[in-house]
Amino acid sequence: MMETAEPASSSEDAPRTSTAGRPHPSAPLPEVGPPVAHGARVALGRTGIDVFPLGIGTGDFGRLAEPRAATVLLDRYAQAGGNLLHVNDRDELAAELVGEWIRTRRVRDDIVVSARVGAPRRTDRGAVPLAEGVADMLARIGTDRIDVLIIDAAAHAPGGAQLEKALADAEGLVSRGRVRAVGAHGVDAAQVLEARLLASAGYPRLDVLEVPYGLGDREGYERDLRQAALAQDLAVLPAHAVPRGLLARDHSTAGGRASRLFHWRGRLARALDAVSHEAGLTPAATAFAWALAQPGVVAPVVDAFAAHQIDDLAPAATAGLTRAQATRLDRAASR
């Protein structure tokens, strides 16, 4: 009895290949780059958005030797579980690099884009309204929305903060789906309270506060602004939590001596050295962990410029410091 031959598989079941054995041009494209890992997530205040406790700023992307360096850094950040990227309307190249990375990695829905935009922003064309600045940012990133719009009050025209006008512009952006949540940079405690009153009148509320804050830069935030931010339940994203001079050199060994790496001297440097050694972190990671431990702080934003810095900082986003260690640094920085 003759055996029946197995039916040949259809062309739909078998992968398409060329005559040379290589994938056919119409075959599905492979994944490009690493996916965003499922890292730790914390609530970004009342926004309904969850973020990794370490945000990456792009302030130094324009100084990178080549675009590939930004891709490597962002890949490493995604592998560590990161999902919060912060761009600034003063750095067009950085926004374009972030947008290109998001498109090639196909991770738009996994990434939270925070964008600081002036209101109004001064350019060679004069004062650019907030809505136009946001449209420019969306075009540079190549996306249809900004997850967190940070209104840059420091970029306001002289003669008044114009906060009400900025929030009115933001209201239209939120209603059209261009912006999911609204925050501010460069505001003082009085403006935070003013924004709360405006929100009760129907304007978008401020839910996020970007502020320079860290071990070496405490007075501006802690004097009055922190109390207002905590009272309004704002999610604080500190910039400069890790001084650039410390971050630039601190990449080799955990517990490296801060006094040799940065301009801090005396009590603060000694405390940072001791706590870094105890925690098994680099001084840069320890400074980051201190900022993260402060009340109201959700995710310090660090202007990283090398992939190894992600390796240094990511452990501090989840491990952190003990209360005693944070208190020791706090006392040393207060004197």
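Residues numbered from 1 in each chain as written. Predicted model: local features only at pLDDT ≥ 70, side-chain atom pairs only at ≥ 80, totals over all residues. Heavy atoms only, no water.

Further remarks concern the packing of helix H2 (residues 92-105) against helix H3 (residues 130-141). The geometry of H2 relative to H3 is characterised by a closest axis approach of 7 Å and an angle of 50 degrees between their N-to-C directions. When the axes of H2 and H3 are compared, the pair comes out oblique. Note on element contacts: H3 touches H2 through Met137, Arg140 and Ile141, opposite Glu92, Ala95, Glu96, Gly99 and Arg103. Residues that form the contact of H2 with H3 fall into these classes: three nonpolar, one polar and four charged. (Axes fitted to C-alpha atoms, helices over the stretch in contact; angles between N-to-C directions. Helix = DSSP H or I, 4+ residues; strand = E, 2+ residues; numbered from the N terminus. Parallel < 35°, antiparallel > 145°, perpendicular 65-115°, else oblique. Contact = heavy atoms within 4.5 Å. Nonpolar A, V, L, I, M, F, W, Y, C, P; charged D, E, K, R; others polar.)

Another point: helix H1 (residues 67-79). Between the first and last C-alpha of H1 there are 19 Å, a value that for 13 residues agrees with the 18 Å anticipated at 1.5 Å per step. On its buried side, H1 packs onto strand E3 (55-57), strand E4 (84-88), H2 and helix H11 (307-318). (Expected span 1.5 Å × (residues − 1).)

With that settled, the discussion passes to the packing of aromatic side chains. Applying the stated criterion to the full structure yields three aromatic pairs. Ring geometry for Tyr213 and Trp290: centres 5.7 Å apart, planes at 50 degrees, overall tilted. Highlighted residues: Tyr213 in the loop between strand E10 (208-212) and helix H6 (219-231) and Trp290 in helix H10 (residues 283-292), separated in sequence by 77 residues. Trp290 shares its class with Tyr213; the two are buried. An aromatic cluster is present here, built from Tyr213, Tyr221 and Trp290 joined pairwise through their rings. (Phe/Tyr/Trp six-rings, centres within 6.5 Å; stacked < 30°, edge-to-face > 60°. Buried < 20%, exposed > 50% of the residue type's maximum accessible area, 1.4 Å probe, protein only.)

Our focus in this paragraph is the confidence of the model for the protein chain. For the protein chain, per-residue confidence averages 83 on the pLDDT scale, and residues scoring 70 or more make up 78% of the total. For residues 157-161, every residue scores under 50 in pLDDT, and the model assigns this stretch six contacts once sequence neighbours within four places are set aside. (pLDDT = per-residue confidence, 0-100.)

To continue, consider empty space enclosed by the protein. Throughout the structure, instances matching the rule amount to one cavity of 30 Å³ or more. Approximately 60 Å³ is the volume found for the largest cavity. If you trace the largest cavity, you find it lined by Arg46, Val192, Ala195, Arg196, Ala199, Arg205, Leu206, Gln232 and Leu234. For the lining of the largest cavity, the per-class residue count stands at five nonpolar, one polar and three charged. (1 Å grid on protein atoms, 1.4 Å probe; cavity = no way out; pocket = protein on both sides within 12 Å on 5 of 7 lines; lining within 4 Å. Points joined across faces, edges and corners; volume = space filled by probe spheres on them.)

On to the side chain of Arg218. For Arg218, the location among the structural elements is in the loop between E10 and H6. Looking at Arg218, the relative accessible area reads 12%, which means it is buried.

What follows concerns the nonpolar core. With 99 residues, the main nonpolar core has Leu44, Leu54, Phe61, Leu149, Phe288 and Leu313 as its most contacted residues. Discounting chain neighbours no more than four positions away, the residues touching Leu313 are Leu54, Val242, Leu247, Ala284, Ala285, Phe288 and Val302. (Core = buried A, V, L, I, M, F, W, Y, C linked by side-chain atoms within 4.5 Å.)

Taken as a whole and judged by the stated rule, the model has 18 salt bridges. A cluster of three or more residues bridged by salt bridges with shared partners is formed by Arg108, Asp109, Asp144, Arg145, Asp147 and Arg180. (Salt bridge = Lys/Arg side-chain N within 4 Å of Asp/Glu carboxyl O.)

Turning next to the packing of helix H9 (residues 266-279) against H10. Running from amino to carboxyl end, H9 crosses H10 at an angle of 95 degrees, the nearest separation of the two axes being 9 Å. As far as their axial angle goes, H10 and H9 are roughly perpendicular. Facing Leu272, Val275 and Ser276 of H9, the residues of H10 in contact are Pro283, Thr286 and Ala287. A class-by-class count of the residues in the contact of H9 with H10 yields four nonpolar, two polar and no charged.

Another aspect to go through is unusual backbone geometry. Excluding glycine, residues mostly carry a negative phi; peptide bonds, for their part, are mostly trans. Positioned with a positive phi, Arg106 is a non-glycine residue whose angle comes to about 55 degrees. In this fold, Arg106 is placed in the loop between H2 and strand E5 (112-118). For Arg106, a relative accessible area of 52% corresponds to the exposed category. Its identity as a non-glycine residue notwithstanding, Asp233 has a phi of 60 degrees, on the positive side. Looking at the secondary structure, you find Asp233 in the loop between H6 and strand E11 (235-239). We classify Asp233 as partly exposed; its relative accessible area is 44%.

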